[in-house]
Every structure is written in C-alpha cells, then in structure tokens.
Amino acid sequence: MPDRRLERLERELMLVARCSVLTPRERKGQATEAQDAPAQPNTGPAALKEPHPDRCTDEPCAVPTRLDRSGYLLLSRLDAEGAMSIGQLADAFQLDVSTVNRQTGALLRAGLVERIPDPDGGLARKLRITPQGADRMASERTCRQTDLSRLLESWPSDEVARLEDVLTRFNREVERQEGRVWPREPGEA
C-alpha cells in the first residue's frame, strides 16, 4: 500500500486536472463554443457584455468564448513546435489518432488551424495554427493568467515562486521519464 503522502499527492494532482479556473467547460444545458461562436469572433461591443460565468471579465481578456482544455493544449503545442501531423500530435499527447483527429477537426472548423503540405516534403499533411488561432490562444492565455492571478492573489510571492519551481521540476521529470519533452523557450526554467 502506498504511503499516505503519495495518496494525498495523487489526489491533489487529480484535482488540479479537473480545475475549471484554468480549463473552463460548458455546463449542461448551455451552448458549446461550436454552437454559439461565429466563424469570426464577435469583437463589437456586444462581445464584451454579460460574459459567460466561465469567461474572463477583466478588460484584457473579455473574449466571446473560451477555448476548452484540448483546444488550448493543441494550439499551444502547434504554436510552440510549428506544423505537426495528426500522428505527431497523437504521439506528443499519448492519445489515439482518432481522438486527436476529432479534436483538431473542431479547431479546423473554427478556423484556428489549417492543413498544409508537409514543409519537409513528407506525404502527410500537417496542421498549422492560423493567425486567428494564435490570437485566440493569446487571449485564452491572458484569461488563464488573469484567473490564476486572482486565485493566488493572497499568496506570498515566495510561495508562488516555490509552486512554479516544484511544478516545473515535476513536469520535466514526467517528460524525462516519458521521453516526450514539451517545447519551451530557450532559457525557460
């Protein structure tokens, strides 16, 4: 039987994974992004009025819809690494190709990614983030950072730094053991 500390740690990691502060999701009976989002995001005054409860309300991140967890992760990976095939994305996330195909299909329909010929001359077509996708991802990142700032506003700065250090160390160890490194900026922790 695992020791009590590992039991608590596993539970806390599970709870982080369900965190709706950073990964908003629609509630039963509410429209999904695909149902309520126009092909081009509404940037007029109506887009800033009465946002959905899971959406940011501060000026810098008042967006008409939020990206879901899978959309944000896929766009983040494509933004960090460049064009990738469905198979490469499936391998990067350790998901079934059909799952990634379904998730990227929603991004394609929304105009957030596009299919392009393989820049290296391969047969498989690749997916690349569009300018609209990059804008949506940047808006989502701003929203998530704003929400995180609110969540941690009562924490001393040294504890926030310690949390960042421990999570970075944990993620790098996961990447090392799985042999799947998440691309980071040069010099990034």
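Our structure's up above, just so we're on the same page.
Residues numbered from 1 in each chain as written. Predicted model: local features only at pLDDT ≥ 70, side-chain atom pairs only at ≥ 80, totals over all residues. Heavy atoms only, no water.

Colleague: I keep staring at the overall build of the chain and nothing clicks. Help me out?
Modeller: Looking only at helices and strands, one finds seven helices and two strands in the chain. Along the chain, from the amino end to the carboxyl end, the secondary structure elements read α-α-α-α-α-β-β-α-α. Taking all 189 residues of the chain together, 28% fall into the buried category. Counting only carbon and sulfur atoms, one obtains 53% of the accessible surface of the chain, whose full area is about 12600 Å². (Helix = DSSP H or I, 4+ residues; strand = E, 2+ residues; numbered from the N terminus. Buried < 20%, exposed > 50% of the residue type's maximum accessible area, 1.4 Å probe, protein only. Areas by Shrake-Rupley, 256 points an atom, 1.4 Å probe, with all protein chains shown as cover.)

Colleague: Explain the side chain of T130 to me, please; I cannot follow it from the model alone.
Modeller: The topology assignment puts T130 in the loop between β2 (126–129) and α6 (131–151). Looking at T130, its side chain comes within polar contact range of the main-chain nitrogen of G133, at 2.9 Å. Discounting chain neighbours no more than four positions away, the residues touching T130 are G111, L112, V113 and E114. (Polar contact = N/O pair within 3.5 Å; in protein donor to acceptor, adjacent residues only side chain to side chain. Contact = heavy atoms within 4.5 Å.)

Colleague: Is there a simple way to explain the packing of aromatic side chains in this structure?
Modeller: Overall, the coordinates contain one aromatic pair when judged by the stated rule. With a centroid separation of 5.8 Å and 65° between ring planes, the pair formed by F93 and W182 is classed as edge-to-face. Of this pair, F93 sits in helix α4 (residues 86–93) while W182 sits in the segment after α7 (157–178); the two residues are 89 residues apart in sequence, bridging distant segments of the chain. The ring of W182 carries the charged tip of R77 above its face, separated from the ring centre by 4.9 Å. The ring of Y72 has R144 lying over it, and the distance from NZ or CZ to the ring centre is 3.8 Å. (Phe/Tyr/Trp six-rings, centres within 6.5 Å; stacked < 30°, edge-to-face > 60°. Lys NZ or Arg CZ within 6 Å of the ring centre and 35° of its normal.)

Colleague: Just to check I follow, could you spell out the nonpolar core for this structure?
Modeller: Nonpolar side chains tend to gather and get buried jointly when the protein is soluble and globular. Core analysis: the biggest nonpolar cluster contains 17 residues, and L75, L78, L89, V100, L107, V113 and L127 have the highest contact counts within it. Elements supplying a minimum of two residues to this core: α3 (69–81), α4, α5 (97–109) and β2. When residues no more than four places from it in sequence are discounted, the contact partners of L89 are L74, R77, L78, M84, V100, T104 and L127. (Core = buried A, V, L, I, M, F, W, Y, C linked by side-chain atoms within 4.5 Å.)

Colleague: Got a minute to help me understand the packing of α4 against α5 in this structure?
Modeller: Packing of α4 against α5 brings their axes to within 9 Å, and their N-to-C directions diverge by 110°. As the angle between them shows, α4 and α5 are arranged roughly perpendicular. When you trace α4 past α5, the crossing you get is right-handed. On α5, the residues that touch I86, L89 and A90 of α4 are V97, V100, N101 and T104. (Axes fitted to C-alpha atoms, helices over the stretch in contact; angles between N-to-C directions. Parallel < 35°, antiparallel > 145°, perpendicular 65-115°, else oblique. Left-handed = near helix turned anticlockwise from the far one by under 90°.)

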